[in-house]
Amino acid sequence: MATPLAQAATSPSVAANAAHVTTVRSCAAPTHRDVMACQALKVTGGTLAPAAAERTATGAAAPSGLGPSSLQSAYKLPSATAGSGRTVAIVDAYDDPNAASDLAAYRSQYGLPACTTANGCFKKVGQTGTSTLPSANAGWAEEISLDLDMVSAACPNCKILLVEAKSSSMANLGTAVNTAVSLGAKYVSNSYGGGESSSDTSYDTQYFNHPGVAITVSSGDGGYGAEYPASSRYVTAVGGTSLKSASTSRGWTESVWSGAGSGCSAYDAKPSWQKDTGCARRTVADVSAVADPATGVAVYDTYGGDPGWEVFGGTSASSPLIAAVYALAGTPSSGSTPASFPYAHPGSLNDVTSGSNGSCSPSYLCKGAGGYDGPSGLGTPNGTAAFTG
C-alpha cells in the first residue's frame, strides 16, 4: 500500500518564499540525522506568475506551469539536436509505480520523442540495479515525476535511468548513486537533502567521488543554510531562481528564489576551484535554475494525492534540469571534475544579481550579486558552454 502523501500545513517560511502561491512538501521533513527528504514543493493554490505562452503538441493551450519550450528558451538549450545516446540518471527513494506511464503522458502532451522501456530510452531499477523495487510512496512518486519531466524538458533526446533506493537513508540513496554510475550514467541528479553530519566526509568517499561523472544535488528549499549532499565537494550544488518572461533581449528575467538553500558547510573541505572567501569550507551553491513555485513547472503525476497535471517548484526542479544541461554539453572526459566546469566559464552563464534567501554576513552568501553568490552560484545556463570541460 502506498504511503500517504505528506499534507502538512505550509510553513511560514515556505509561504513567504512563494509569495503568490501556497505549497506543500511532497516529502515530510526528515526527523533523523542521515535521513534525507525530497525537495519537491507542490503548488496547492494562489496565482502563478505569468509565463511565456506555450502550446502543446496538438496546438491546444498547455497545462499551467513552465513546459519544455519555455525552459529551453529561457536557458538557450540545443534540445532539438543534442543529447542523443546520453543517459541521465535520477536517484530517488521508494517506488513510483506509474513512472513510465506518467513520463509517457508528459512527453506526449508536449510532442517530445517517446521514451519507453520498450524502445530502450527509459529504465527503472532498484538501488542495486536489479528489477527488485522498493515499496511505493506517493510523496516520493511526485518527486520522481518532477525529476523525469525536467530531464525530458531540457534534453528530449537523452535516455533516462531511474534508480530507486529502498529508503531515504543516505546509505541507501548513496548506494543508488553508485549503481547509477556503474550502469553507465555520466549525469546523475539527486533532488533530496538533509542536515549535515560528521559522517558527510565519509559519505563523500563512499558515494559521490566519481571522476568523469556530473553529479547534481538540490541545494534545499529552506533558505539560508547548507544541506548535505549539496555541500559535498564532489557534486554540483544547484540553487534556485524565480524565472519570469520579460520584454528583454533574452525574453526572461531571473532573481534569487527566497527558498533556495545556500551557505557554508560545517564539514566538507573547500574544492580548489571555489575561490570565494566567505566560507572556510565548501560554499553552496555552484549554479542554479528555476525553483520558485510561483514560477513553477508543469508536471504530470498520477500516483500522488491529486492525480493529473500539477505545478511544482523547489530545487528539486533545478537539479534534474542542470543534470540534463550537462548531458546536452557532452560527455565529461575520463578523470575530470564536472563540478568545476562552470567555474572555468562564468561568462557563459546568466548572472543573477537580485533577490535573497535570508540575512547573513558576508551578504553574498544569501543575496544575489554580480559574479558569484550563494543562492544562485555563478548563475543559470546560457546555452551549454559553462558545462563543458
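Preceding block: the structure.
Only a predicted model underlies this, so the values are computations on that prediction, with no experimental measurement involved.

K.L.:
Describe in detail the sheet that holds strand β3 (residues 41–46), supporting the description with residues and values.
P.N.:
Taken in spatial order, the four strands of this open sheet run β1-β3-β16-β15, and their pairing is antiparallel. On the outer flanks of this sheet lie β1 (21–25) and β15 (297–301), each paired with one strand and no other. Averaged over all pairs of adjacent strands, the angle between their axes in this sheet comes to 50°, without regard to strand direction. Helix-sheet contacts for helix α3 (residues 99–109) involve β15 and β16 (308–313), and the interaxial angle to β15 is about 135°.

K.L.:
So, the packing of aromatic side chains: which residues are in play, and what are the values?
P.N.:
Using the criterion set out here, one finds ten aromatic pairs in the structure. Ring plane angle 40° and centroid distance 6.1 Å describe the contact between Y203 and Y228, whose orientation is recorded as tilted. One end of the pair, Y203, is in helix α6 (residues 200–208); the other, Y228, is in the loop between β9 (214–218) and β10 (236–245), and 25 residues separate them in sequence. Its relative accessible area of 0% is what places Y228 among the buried residues.

K.L.:
Give me the nonpolar core: which residues, what numbers.
P.N.:
Counting residues in hydrophobic clusters, the biggest one holds 97 residues, and the most contacted among them are L71, V91, V188, Y192, F208 and V297. Sort the elements by how many residues they give to this core and helix α7 (residues 315–329) lands first, with nine residues.

K.L.:
An account of unusual backbone geometry is needed here, citing residue identities and associated values.
P.N.:
Note on backbone geometry: most residues besides glycine have negative phi, and most peptide bonds are trans. Note the cis peptide between Y228 and P229, where omega equals 10°. Here P229 lies in the loop between β9 and β10. A285 follows V284 through a cis peptide bond whose omega is 15°. The phi torsion at D34 lies on the positive side, around 70°, for a residue other than glycine. Structurally, D34 can be placed in the loop between β1 and β2 (37–38). Phi at K76 takes a positive value of approximately 50°, unusual for a residue other than glycine. Inspection of the secondary structure puts K76 in the loop between α2 (68–74) and β4 (87–93).

K.L.:
Go over the state of the cysteines, please, and point to the residues and values.
P.N.:
With the rule as written, the count across this model stands at five disulfides. The side chain of C115 participates in a disulfide bridge whose partner is C121; the two sulfur atoms lie 2.0 Å from each other. Looking down the S-S bond of the C115 and C121 bridge, the torsion is -85°, so its handedness is left-handed. Note on cysteine connectivity: C155 is disulfide-linked to C158, with sulfurs 2.1 Å apart. When the S-S torsion is 75°, as for the bridge of C155 with C158, the disulfide is right-handed. Summarising the burial analysis for this pair, C155 and C158 share the class buried. The connectivity of the disulfide bonds within the protein chain can be written as 1-2, 3-4, 5-6, 7-8, 9-10, using the sequence rank of each bonded cysteine.

So, how was this worked out
Residues numbered from 1 in each chain as written. Predicted model: local features only at pLDDT ≥ 70, side-chain atom pairs only at ≥ 80, totals over all residues. Heavy atoms only, no water. Pairing = 2+ DSSP bridges. Helix = DSSP H or I, 4+ residues; strand = E, 2+ residues; numbered from the N terminus. Axes fitted to C-alpha atoms, helices over the stretch in contact; angles between N-to-C directions. Contact = heavy atoms within 4.5 Å. Phe/Tyr/Trp six-rings, centres within 6.5 Å; stacked < 30°, edge-to-face > 60°. Buried < 20%, exposed > 50% of the residue type's maximum accessible area, 1.4 Å probe, protein only. Core = buried A, V, L, I, M, F, W, Y, C linked by side-chain atoms within 4.5 Å. Disulfide = S-S within 2.5 Å.

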